[in-house]
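Working through the structure, step by step
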Amino acid sequence: MKNNILNKCIRYLSFCSFFLLLYGCSNDDNGTIEVESEISTPSGTISFTINNSAVNKETILNLENGDFLEQMEVTGPVAIAEHREHTYLFRENSLVKQDGNGNLIWEKTYPEDELNPFEIFRSNTVFEEQAVFFSYSRLDTFTFERTHFLECVSLVDGGTIWIKNVSGETFPSLVNGRLLALTYPNGNSPVNFAYLDKENGSTTFEKTYEERIDPSNLTIDRNTILVSSWGDRVFALNTMLNEEWSFETGAENVQNGIIARNQLIFPSRDRNVYALDKETGSLYWQSALEIPNSKGFHTHNDISYVLQKNEDKVIVFKIDNEDGTLQTRTELQLSNPENSIYTAFFEDYMVLANPTNDVRVSIRLIYLPSAQVLWQTDSVGIGTRNLQIKIQLDQ
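Residues numbered from 1 in each chain as written. Predicted model: local features only at pLDDT ≥ 70, side-chain atom pairs only at ≥ 80, totals over all residues. Heavy atoms only, no water.

Regarding its fold elements, the protein chain presents one helix and 34 strands. Burial analysis of the protein chain (395 residues in total) assigns 46% to the buried set. Relative to all contacts within the protein chain whose residues are 6 or more apart in sequence, the contacts with residues 24 or more apart total 38%. Total accessible area on the protein chain stands at roughly 20,400 Å², and carbon and sulfur atoms take up 46% of it. (Helix = DSSP H or I, 4+ residues; strand = E, 2+ residues; numbered from the N terminus. Buried < 20%, exposed > 50% of the residue type's maximum accessible area, 1.4 Å probe, protein only. Contact = heavy atoms within 4.5 Å. Areas by Shrake-Rupley, 256 points an atom, 1.4 Å probe, with all protein chains shown as cover.)

The next point concerns unusual backbone geometry. Trans is the common state for peptide bonds, and a negative phi is the common state for residues other than glycine. A positive phi is found at Arg84, a non-glycine position, where the angle reads about 50°. Along the chain, Arg84 turns up in the loop between strand E6 (78-83) and strand E7 (86-91). The phi dihedral of Phe144 falls on the positive side, at around 60°, and the residue is not glycine. Within the secondary structure, Phe144 sits in the loop between strand E11 (131-139) and strand E12 (146-154). Judged by its relative accessible area of 64%, Phe144 falls in the exposed class.

Our focus in this paragraph is the nonpolar core. Counting 18 residues, the largest nonpolar core has Phe48, Val351, Ile363, Leu365 and Ile382 as the members making the most contacts within it. Elements supplying a minimum of two residues to this core: strand E3 (44-51), strand E30 (342-346), strand E31 (349-355), strand E32 (361-367) and strand E33 (372-380). Those residues in contact with Phe48 that sit more than four places away from it in its chain are Lys57, Glu58, Thr59, Leu61, Val351, Ala353, Ile363, Ile382, Leu387, Gln388 and Ile389. Grouped together as the second largest cluster of nonpolar side chains are 16 residues, Leu180, Ile213, Ile225 and Val227 included. (Core = buried A, V, L, I, M, F, W, Y, C linked by side-chain atoms within 4.5 Å.)

Applying the stated criterion across every chain, the model contains 13 aromatic pairs. Ring geometry for Tyr110 and Tyr136: centres 5.3 Å apart, planes at 50°, overall tilted. Of this pair, Tyr110 sits in the loop between strand E9 (104-109) and strand E10 (118-127) while Tyr136 sits in strand E11, and the two are 26 residues apart along the sequence. The same class applies to Tyr110 as to Tyr136, namely buried. Ring plane angle 65° and centroid distance 5.5 Å describe the contact between Phe247 and Tyr274, whose orientation is recorded as edge-to-face. A residue pair is termed long-range when its members are at least 10 positions apart, and Phe247 in strand E21 (residues 243-248) and Tyr274 in strand E24 (residues 272-277) qualify at 27 residues. Overall, Phe247 belongs to the buried group, its relative accessible area being 14%. Overall, the relative accessible area of 5% leaves Tyr274 in the buried class. (Phe/Tyr/Trp six-rings, centres within 6.5 Å; stacked < 30°, edge-to-face > 60°.)

Glancing now at the pairing of strand E18 (residues 213-221). It is a general feature of regular strands that their side chains alternate between the two faces of the sheet. Across the nine residues that make up E18, a large majority, seven, are buried. In the sheet, E18 pairs with strand E19 (residues 224-229) via five bridges, with the strands oriented antiparallel. In the sheet register, Thr219 faces E19, and the bridge partner there is Leu226. Linkage of E18 to E19, two consecutive antiparallel strands, is achieved through a turn of two residues, within which Arg222 is found at a positive phi near 55°. (Pairing = 2+ DSSP bridges.)

Okay, the sheet that holds strand E25 (residues 283-288) next. Taken in spatial order, the four strands of this open sheet run E22-E23-E24-E25, and their pairing is antiparallel. Strand pairing shows two members of the sheet lacking a second neighbour, strand E22 (258-260) and E25, which therefore form its edges. Across the sheet, the mean angle separating the axes of adjacent strands is 25° when strand polarity is ignored. Strand direction decides the pairing type here: strand E23 (residues 263-268) and E24, joined by six bridges, are antiparallel. In the sheet register, Gln263 faces E24, and the bridge partner there is Asp277. (Axes fitted to C-alpha atoms, helices over the stretch in contact; angles between N-to-C directions.)

Written as structure tokens, this is what we have:
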């Protein structure tokens, strides 16, 4: 009798366990069962820095839930760079180094001159172990001509190691430990590639390309320089600046490629995403998009995500890096389709900001694998012009 009761109890508990298992699972499109797990929201902060002639301020939100934390005024237009647990602030006429807690380590200030104002180009910056290389210009307000410079500054004390006068806006990069400077006089002029001595800035080797190239669209992979031209091709240069391979697409390729394993992956204005063998330039796959322009591109865990804005919505394409298969296509409604969108990517997440008017922004944190909105906060009064987004994860 006792054994019968015990057996019935065991069968009942087994049935309940099976029912609970089914309740906690869902079927995918192929009929397989996948256990649903709760998406973990990362902890940290998001800072939104706005820099223009009217507003210079930084707003900080909680990354975990979007809650407002603080807002502060910043001195003049500022751009932010992170290097080895330190923060560097690039202002119009100064460079500031801070520790991880925001404490001042040093500040390098350039003399203010209303007739010849400074403009530091934050995007034209590369860090080495004990130095930072960056470019800036001075504007002659009478002739409206700019004088351009490339400078090497010590990360230890902010002292100038050397300054080089250059013929136009210059983009420094490190190629296998060597300093490569690309000078870009204007939109229609040839681009000059030059290797510089890191100790004194002297030119050791240079080569000019007549083809129109955006120097900001370079991808450096050890001994290879991968270039996206304003024409319809992507090509690779070796360390001697000789062309190794070339691949033609159907339109301009104006976005940086991303190296993922042995592939160079990039979206093109011909409405395709391409994956090339980074060593030979041969095509692995191409995947079709819907419109020419992509507003964001990110690769993580063998998946590529392409963001496109189409009328009143944003479309997130999830593409398998192995064969280019489109896994999902998700639409997200915009708060104000007439305004621009700003994005920042990290790991499996994307921050999407869409201004709703001149001073307020709608912000969403999105988990990319499922394109799920984890939180959304509207009408955050942070401004809209020259918006920069910085994500700081908790250690």
